[in-house]
Amino acid sequence: VLSCNKAPQTWPSWAPITQQQQQQQWIVQAQVAVWRMACAQAAAAARQLPTVITRLPEQFNAQVLSNAVLLIDKPPRWSSTDVVRELGRTLRLNKVCHGGPLDAHATGLLIILLGAASRLTPKLEPLERTYSGTLKLGAATTTYDATGQVTATSPWRHISDADLAAAAAKFQGEVLQVPCMWSSTKYKSKPLRWYAERGEDVRREPKAVHISAIQVWRDKASAPADRGSTTSRRTQPAAAAAAA
């Protein structure tokens, strides 16, 4: 709170107000100036690029954590929400979010945004992402991935590399895809897998998905150095397209 202790030496003839009124007006003007300065500083801080943290230090700087990006190598059996909740509890932060979810069984990069860096979420979600994984031919599971129980098997040794390439090519480009019930796609603020674990099936609308490239090979020995990944603008569709 600022106050004005000194009154002006002379008063303008066109301002018929008392000395006390003038002093109060100065105080208000000073408070408005301080408020505008604080707003300008907050706006400048919001425009600053966040600090990118790839390794958690033993002690954290509160100022750094107020505008930071954590690059987390997510382990299996941890959902993206689990990571966000644990970091918020450990770091005692209220504003923690991620830049795009990974399924609980998936591993790899999970971008965590802290404090003012959370404003980058709308810019990160539409970015292209690259995924890689191993496909098992001739088997179907309850969860459409390796975590479920096998429900059916079929011969697969007659499938050639040309057959795999032709099947993968059908998923490249713009496609419509119904989200899997075991995915992280949200329905009424809960991931679809939450309903699937309880034996519930909900109506899912097809979503437009863009897959820039999808490549499949038989084993690591035959995979070129620059191949082995699926690139997509969404998390689940890329993995689902590769699995299909």
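Throughout this description, residue numbers start from 1 for each chain and increase along the sequence as written. The model is predicted, so local features are restricted to residues of pLDDT at least 70 and side-chain atom pairs to those at 80 or more, both for listing and for counting; the totals for chains, interfaces and linings are taken over all residues. In computing side-chain properties, one takes all heavy atoms of the structure into account and sets aside hydrogens as well as water.

Colleague: It is not clear to me how the overall build of the protein chain should be interpreted in this structure. Could you clarify?
Modeller: Secondary structure elements are taken from DSSP: a helix is a run of H or I of four residues or more, a strand is a run of E of two residues or more, and numbering for both begins at the N terminus. Helix and strand content of the protein chain: 7 helices and 12 strands. Three exposure classes are used, based on accessible area relative to the maximum for each residue type with a 1.4 Å probe and protein chains only: buried under 20%, partly exposed in between, and exposed over 50%. Here the protein chain, with 244 residues, has 28% of them falling under the buried criterion. The contact criterion used throughout is that any non-hydrogen atoms of two residues lie within 4.5 Å. Taking the contacts inside the protein chain whose residues are at least 6 apart along the sequence as the reference set, 54% of them involve residues at least 24 apart. Element-wise, carbon and sulfur atoms account for 54% of the exposed surface of the protein chain, whose accessible area totals about 17,000 Å². Only the protein chains shown count as covering a residue, and every accessible area follows the Shrake-Rupley method with a 1.4 Å probe.

Colleague: Can you help me understand helix 3 (residues 80–91) in this one?
Modeller: A helix is expected to reach a length of 1.5 Å times the quantity of its residues less one. If you check helix 3, its first and last C-alpha atoms are 16 Å apart, about what 12 residues at 1.5 Å a residue would give, namely 16 Å. Within the sequence span of helix 3, burial applies to Ser80, Val83, Val84, Leu87, Gly88 and Leu91. With its buried residues spanning 125 degrees around the axis, helix 3 presents them on a single face. Across from the buried face of helix 3, at angles greater than 90 degrees, the exposed residues are Arg85 and Arg89. Against the buried residues of helix 3 lie helix 2 (62–65), strand 2 (67–74), strand 3 (96–98) and strand 4 (108–115). Downstream of helix 3 by one or two residues, Arg92 has phi in the positive range, about 60 degrees. Starting at the helix axis, one direction is taken to each C-beta atom, and the arc is that of these directions.

Colleague: Just checking my understanding: could you explain the packing of aromatic side chains for this structure?
Modeller: Geometry of an aromatic ring pair is reported as the spacing of the ring centres plus the angle between the planes. Classification of ring pairs uses Phe, Tyr and Trp, with its six-membered ring standing for Trp, and accepts pairs whose centres are within 6.5 Å; under 30 degrees between planes counts as stacked, over 60 as edge-to-face, and the remaining range as tilted. All chains considered together, the criterion is met by 2 aromatic pairs. Clustering of aromatic rings is evident, with ring pairs tying together Tyr187, Trp194 and Tyr195. Over the ring of Trp194 we find Lys190, and its NZ or CZ is 4.6 Å from the ring centre. Two conditions define a charge sitting above a ring: the NZ of Lys or the CZ of Arg must be within 6 Å of the ring centre, and it must be within 35 degrees of the ring normal.

Colleague: How should the confidence of the model for the protein chain be read in this particular structure?
Modeller: A low pLDDT means the predicted coordinates there should not be read in detail. In the predicted model, the protein chain carries a mean pLDDT of 75, and the fraction of residues at 70 or more is 66%. Note on scores: pLDDT gives the predictor's confidence for each residue, bounded by 0 and 100. Mean pLDDT values over the elements of the protein chain span from 36, in helix 7 (residues 235–243), up to 93, in strand 7 (residues 150–153). Counting contacts from residues 1–12, a segment whose pLDDT is below 50, to residues more than four positions away or on other chains yields 15 contacts. Across residues 232–244, where pLDDT falls below 50, the model places 41 contacts with residues more than four positions away in sequence or in other chains.

Colleague: Before we go on, may I ask you to explain a nonpolar patch on the surface in this structure?
Modeller: Residues forming no salt bridge and having over 30% relative accessible area are the ones grouped into patches, like charges within 9 Å of each other and nonpolar side chains (Val, Leu, Ile, Met, Phe, Trp, Tyr) within 5 Å. Salt bridges are defined by distance alone: a side-chain nitrogen of Lys or Arg within 4 Å of a carboxyl oxygen of Asp or Glu. Taken together, Val52, Leu71 and Leu109 make up a surface patch of nonpolar side chains, about 260 Å² in accessible area. The topology assignment puts Val52 in strand 1 (residues 51–53). Residue Val52 is classed as exposed on the basis of its relative accessible area of 52%.

Colleague: Hey, could you run me through the nonpolar core in this one?
Modeller: A general tendency of soluble globular proteins is for nonpolar side chains to be buried together. Membership of the largest hydrophobic core comes to 14 residues, with the highest contact counts inside it found for Leu70, Ile72, Leu87, Ile112 and Leu114. Counting residues per element, the ones that place at least two in this core are strand 2, helix 3 and strand 4. With 4 residues, the single largest contributor to this core is helix 3. Residues belong to a common nonpolar core when they are buried Ala, Val, Leu, Ile, Met, Phe, Trp, Tyr or Cys residues joined through side-chain atoms within 4.5 Å.

Colleague: Would you take a moment to explain unusual backbone geometry for this structure?
Modeller: Generally, phi is negative for residues other than glycine and the peptide bonds are trans, each holding for most cases. Positive phi outside glycine occurs at Arg77, with the angle close to 70 degrees. The residue Arg77 is located in the loop between strand 2 and helix 3 in this model. Arg77 sits in the exposed class, given a relative accessible area of 73%. At Ser189, a residue that is not glycine, the phi angle is positive and equals roughly 70 degrees. Of note, Ser189 is situated in the loop between strand 9 (186–187) and strand 10 (190–191).

Colleague: What exactly am I supposed to notice about the environment of Ser212 here?
Modeller: Take Ser212: it is sitting in strand 11 (residues 207–214). For this analysis, a polar contact is any N or O atom pair within 3.5 Å, provided that within protein one partner can donate a hydrogen and the other can accept it, and provided that sequence-adjacent residues contribute only side-chain to side-chain pairs. For Ser212, the side chain forms a polar contact with the side chain of Glu128, separated by 2.3 Å.

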